[in-house]
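Observations on chain architecture
So you can see what is in the structure, the chains are spelled out below.
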Amino acid sequence: MSELTLERGLAAFRAEVDGPVAAFFSSCVHCGICAQACPFYVETGDPKYTPILKLEPLRRVWENDFTLWGRIKGLIGLQQKVTDQMLAEWEELLYDSCTMCGRCSMVCPVGNDLALMIRKSREGMVQSGHAPEGLIAASVRAIQTGSPMGLQWKTLAVQIKHVEDSSGLAIPVDKDGAEYLVLLSSMEVINFPEYLEAITRIFAHAGVSWTLSTDCFEATNAGIQIGNKDVAAELVERVVAAAEKLRVSKVISPECGHAFTAIRWEGPNLIGRSYPFKVFHIIEVLDELRAAGRIQTEGMETDRLSMHDPCNLARKSGVIQQQRNLMNLVAENFVDLKEHGKLQWCCGAGGGVSSNERAEPLKMAAFKHKKAQIEEVNAERMVTMCATCRTQLEEGLEEFNMDIPVVGLTEMIAEHLVEKPRPASPADAQA
Amino acid sequence: MSGSMEFLLWTKGPMFNVAIAIFAIGLLVRIAEIFVLGRERNYAEPRASEWLPGLRTVFTRTVADPGTFKRAPFNVVVGWVWHIGFLIALLLFVPHIKLIESLTGLSWPALPNPIISMVTAVTLVALIATLIHRMTHPVKRRISTIEDYLVWTVVFAVVLTGFLAFNRMINPYPLVLGMHILSAEIMLILLPFTKLTHIFTLFIARWYNGAAFGRKGVQS
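Further remarks concern the interface of chain B and chain A. Contact residues are listed per partner, giving 47 residues for chain B and 50 residues for chain A. Among the elements of the structure, helix H2 (14-37), helix H4 (66-71), helix H5 (73-91), helix H8 (138-143) and helix H11 (198-214) of chain B are those that each provide at least two residues to the side of chain B that touches chain A. Here the residues of the side of chain B that touches chain A are counted per class, giving 17 nonpolar, 15 polar and 15 charged.

Residues and elements named next belong to chain A. Reading across from one edge, E5-E6-E7 is the order of the 3 strands in this open sheet, with parallel pairing throughout. If you trace the sheet from one side to the other, it starts and ends with strand E5 (305-307) and strand E7 (406-408), each paired once. Taking the axes of each pair of neighbouring strands and ignoring which way they run, one obtains an average angle of 35° across the sheet. Note: strand E6 (residues 381-384) against E7, 3 bridges, orientation parallel. Within E7, the position partnered with Thr 384 by the bridge is Gly 408.

This part covers helix H18 (residues 282-291) of chain A. Summarising burial for H18 of chain A: 7 of the 10 residues are buried, a large majority. Elements that come into contact with the buried residues of H18 of chain A comprise helix H14 (194-206), strand E3 (250-253), strand E4 (278-281), helix H19 (321-330) and helix H22 (409-415) of chain A.

We now examine the packing of helix H7 (residues 113-136) of chain B against helix H9 (residues 146-166) of chain B. Residues and elements named next belong to chain B. At a closest axis distance of 10 Å, the pairing of H7 and H9 adopts a crossing angle of 160°. Judged by the angle between their axes, H7 and H9 are roughly antiparallel. Once H7 is placed against H9, the crossing between them reads as left-handed. From H7, Ser 117, Thr 120, Ala 121, Thr 123, Leu 124, Leu 127, Leu 131 and Arg 134 reach across to H9, where they touch Asp 148, Trp 152, Val 155, Phe 156, Val 159, Leu 160, Gly 162, Phe 163 and Phe 166. Along the lines of polarity and charge, the residues of the contact of H7 with H9 split into 11 nonpolar, 4 polar and 2 charged.

All names here are of chain A. In this structure, His 416 sits in the loop between H22 and helix H23 (426-430). What makes His 416 partly exposed here is the crowd of 16 C-beta atoms within 10 Å. Along the sequence, His 416 and Ala 359 sit 57 residues apart, while their C-alpha atoms lie 38 Å from each other.

Calculation notes
Residues numbered from 1 in each chain as written. Chains lettered and ligands numbered in written order. Predicted model: local features only at pLDDT ≥ 70, side-chain atom pairs only at ≥ 80, totals over all residues. Contact = placed C-beta atoms within 7 Å. Helix = DSSP H or I, 4+ residues; strand = E, 2+ residues; numbered from the N terminus. Nonpolar A, V, L, I, M, F, W, Y, C, P; charged D, E, K, R; others polar. Pairing = 2+ DSSP bridges. Axes fitted to C-alpha atoms, helices over the stretch in contact; angles between N-to-C directions. Buried ≥ 20, exposed ≤ 12 C-beta atoms within 10 Å, placed from the backbone. Parallel < 35°, antiparallel > 145°, perpendicular 65-115°, else oblique. Left-handed = near helix turned anticlockwise from the far one by under 90°.

Here it is in structure tokens:
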């Protein structure tokens with residue numbers, strides 16, 4: 001990579017200014033309500049974590065270069081410039097204390113989409129050399145090895161073998177013309193191998209045609225988190241190439257939040273074209289199978305369960321009802337957190353915060369809001385559908401000595417499958 | 001007396017034209033700046049159209065969600081009170097309606113003067129409360145700029161001079177009325193160059209927000 005400089009950073013900031021950004025900054029009245037929507041401000045009480053303040057570099061670039069008033073100010077020497085020193089100071093604000101959860105975007109009275117502008121600002125931060133070490137390392141690993149954690153296919157192959165042995169089912173690999181290409185996240189492969197077994201069993205049960213690809217199994221996108229379009233586009237291209245090669249009609253993003261928004265919403269724009277396939281989060285697929293009567297379950301969970309909506313899945317992708325339908329299929333004592341769905345609170349680890357070791361104390365501070373929400377409903381167990389959220393919930397609850405296990409929704413569904421699935425036939429559907 | 005009359009005539013004549021011109025051109029430029037930038041084409045398959053969700057958010061964002069109301073009740077309530085008070089005084093006071101009628105030909109019924117006077121008094125108190133809040137709340141203190149205080153001062157001056165003029169609290173009357181008109185003109189001139197722009201651009205901002213979330217299947 002050629003040298004990262006302030007000039008390059010400013011050019012990247014400028015490239016991110018568009019109509020919405022101009023409308024947003026034109027409308028801010030400094031009311032400060034965005035702070036009340038941010039777990040990092042709410043739990044630390046430090047006003048520097050006010051979301052709109054995190055956007056000051058981008059705002060200055062917009063005012064100086066994209067407004068008549070800013071240019072007039074420039075002529076009389078009144079412009080507030082963005083300096084290298086300023087960006088160094090803002091690195092913590094734009095990365096360590098923001099998960100791009102988008103709650104502020106939902107709450108701002110004038111309608112500013114602040115999370116979108118944080119995402120945009122990070123492009124400038126990368127180009128000016130002000131991105132956190134942890135995220136740079138993850139991006140480099142993702143480009144070089146295909147996985148942000150450096151995980152290789154051979155590790156996954158060992159896991160595939162384990163799952164095949166324990167389930168007695170075959171895991172399709174590189175199956176040409178399958179309906180679904182299944183993507184995984186490295187964190188899932190390492191921390192939650194149960195996920196792969198769960199989908200293997202559910203798909204066998206429901207008679208779903210699917211495959212993994214040896215060319216690309218990783219769904220996560222470090223480029224989106226750090227804020228680098230080139231890296232992000234390269235990672236998306238790999239998924240698209242694998243899907244096109246195997247001629248699948250659908251791609252499934254795993255129990256991961258940002259991976260889904262990356263491939264579902266940003267991906268086509270990063271590569272500048274629509275996909276020849278559709279993209280789903282695994283929860284969407286499971287709910288479709290449920291609605292079509294292709295999943296038959298037995299037994300119910302009886303303990304008091306609550307659920308954490310991943311920001312990327314709920315607020316940022318509109319998958320809100322599906323996970324509740326699935327919960328109701330297998331849980332009789334399910335209670336929602338008070339603020340959930342599109343107004344849920346972030347776990348504190350997303351948007352690259354969990355890959356940024358320096359941010360650990362802030363990440364735990366932000367978690368306190370989730371903790372309070374969980375205590376409020378007296379949940380005995382938490383269910384979620386994002387490996388990063390799940391890891392954060394597990395670590396956070398342990399940190400506060402709370403004995404509340406966390407499970408993935410897909411696994412929970414798999415545990416309730418009736419042993420011998422009836423073949424789905426038209427006669428069954430009529431009966 | 002003749003000096004104050006001349007002052008009043010100046011605010012109603014040449015100064016009024018200057019203010020309207022700067023306001024209109026400045027605002028036009030501001031809005032053009034937004035739309036000229038526009039948006040890049042979005043290739044991601046949408047879950048819903050953008051127009052309706054965008055329009056919905058233009059309206060729904062006026063009301064805070066229950067959680068935000070609970071966490072920032074002062075912001076929400078006082079913000080509402082002074083905005084509504086300002087709008088009532090601006091749009092439902094007889095002389096203001098007459099002015100609008102002379103400029104546009106449009107007219108509507110007014111509220112009785114004593115009610116306008118009372119609403120204006122409440123607005124002044126609410127505005128003072130917002131200033132104290134801005135100077136004392138850690139978040140607001142941290143994010144406030146000179147512009148925030150300048151805009152507050154001008155808005156407060158408009159309402160205060162209106163109140164003083166209506167209640168004949170300063171003599172001679174043409175002087176205080178002229179001060180009221182002049183402060184309103186200053187507000188108009190500042191509007192395109194300060195956060196006062198939100199009066200117009202917030203509808204665009206809310207639409208963009210609602211559209212972006214709406215196409216992803218979320219009502220924002």
